[in-house]
Amino acid sequence: MVSEYLKQNTADYHDAAEKLFNSEKIFNKTFTLEDYKKIIHTNYLMLLHSEDKIFNSLSEKYADKLQLADRKKLPLIEKDLESLSLENQLASHPLEFENEHEALGAMYVIEGSTLGGNVIAKQLSKTEGFDAVTFNFFGCYQENTGPMWKNFKEVLDTEVTEEKYGEVLSGAKKLYSFLLNVN
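These lines cover the structure that appears in this document, whether it is placed above or below.

What counts and what doesn't
Residues numbered from 1 in each chain as written. Predicted model: local features only at pLDDT ≥ 70, side-chain atom pairs only at ≥ 80, totals over all residues. Heavy atoms only, no water. Helix = DSSP H or I, 4+ residues; strand = E, 2+ residues; numbered from the N terminus. Rg over C-alpha atoms; globule rule 2.2 N^0.38 Å. Buried < 20%, exposed > 50% of the residue type's maximum accessible area, 1.4 Å probe, protein only. Axes fitted to C-alpha atoms, helices over the stretch in contact; angles between N-to-C directions. Parallel < 35°, antiparallel > 145°, perpendicular 65-115°, else oblique. Left-handed = near helix turned anticlockwise from the far one by under 90°. Contact = heavy atoms within 4.5 Å. Arc of directions from axis to C-beta. 1 Å grid on protein atoms, 1.4 Å probe; cavity = no way out; pocket = protein on both sides within 12 Å on 5 of 7 lines; lining within 4 Å. Points joined across faces, edges and corners; volume = space filled by probe spheres on them. Nonpolar A, V, L, I, M, F, W, Y, C, P; charged D, E, K, R; others polar. Core = buried A, V, L, I, M, F, W, Y, C linked by side-chain atoms within 4.5 Å. Salt bridge = Lys/Arg side-chain N within 4 Å of Asp/Glu carboxyl O.

**Things to note about the overall build of the chain**
- Helix and strand counts for the chain stand at nine helices and zero strands.
- Counting from the amino terminus, the chain carries its helices and strands in the arrangement α-α-α-α-α-α-α-α-α.
- Relative to the 2.2 N^0.38 estimate, which gives 16 Å for 183 residues, the radius of gyration of the chain is 16 Å and therefore close to what a compact globule would have.
- Based on the C-alpha atoms only, the size of the chain along its principal axes is roughly 50 × 30 × 30 Å.
- By residue count, 48% of the 183 residues in the chain fall in the buried class.

**Some points on the packing of helix α2 (residues 11-20) against helix α9 (residues 165-181)**
- Packing of α2 against α9 brings their axes to within 10 Å, and their N-to-C directions diverge by 20 degrees. In terms of orientation, α2 and α9 fall into the roughly parallel class. The hand of the α2/α9 crossing is left-handed. In contact with Y13, H14, A16, A17 and L20 of α2, α9 contributes K173, Y176, S177, L179 and L180.

**Observations concerning helix α6 (residues 74-83)**
- Every buried residue belonging to α6 is among L74, I77, D80 and L81, and all of these are buried. Buried residues along α6 cover an arc of 115 degrees about the axis, so they all sit on one side.
- On its buried face, α6 sits against α4 (33-57).
- Within two residues after α6, S85 carries a phi angle of roughly 60 degrees, on the positive side.

**Examining the layout of surface pockets**
- Its volume calculated, the largest pocket comes out at about 690 Å³.
- Every element with two or more residues in the lining of the largest pocket is listed here: α1 (2-9), α2, α3 (23-27), α4, α7 (100-124), α8 (145-159) and α9.
- Element by element, the count of residues in the lining of the largest pocket is highest for α7, at nine residues.
- Residues belonging to the lining of the largest pocket are distributed by class as follows: 15 nonpolar, nine polar and four charged.

**Description of the nonpolar core**
- If you look at the biggest cluster of nonpolar residues, it comprises 55 residues, and the most contacted ones within it are Y36, I40, I54, L58 and L66.
- Those residues in contact with Y36 that lie beyond four places of it in its chain are F31, D80, L84, L124, F130, V133, F135 and F138.

**Considering the pattern of salt bridges**
- For the structure shown, the criterion picks out twelve salt bridges.
- The partner of K25 in a salt bridge is D35, and the shortest N-O contact between them spans 2.8 Å. Of this pair, K25 sits in helix α3 while D35 sits in helix α4; the two residues are ten residues apart in sequence, bridging distant segments of the chain.
- A relative accessible area of 12% places D35 in the buried class.
- Ionic pairing is found between E96 and K53, a salt bridge with its closest N-O pair at 3.4 Å.

So, to be careful, I would describe these as geometric facts and stop short of saying anything about function.
Below, the structure is given as structure tokens:
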């Protein structure tokens, strides 16, 4: 299954992202509003440079099965930027996906950030100094986070053939690399 293949082959990238964002501080309640601004800003840049390209690369088949209209996150994170007094930017870094399989790999990174983001939002909402934070991006699916992730993985695992795993992995690595180096 491609979802397991991606999980195994992007583990180092995932760990590097957690380190970059000081994720351990979230759970020991030492994560600050400045830490949060960094994680939101970096995820904003990731979405700004990739979301439309990903969605435009996917065929109708994927658009329907993945409910793409319900997965748009850029407008949500822009609300977070505004509430944190951070500025919107223009896309300024080259990031391209060669085909829809690479786009699916990149989408894996974004959907995974949503899954982890739900945990982050719950944890930070109990942390001092985060009373006024809205968590539009990290709380985007609310109680539907599990079902949305499950749907995404099922579509990947059902539709992507083994000979395309490398292309999907390539897209995931591209977006992880972008995320880790965009600042």
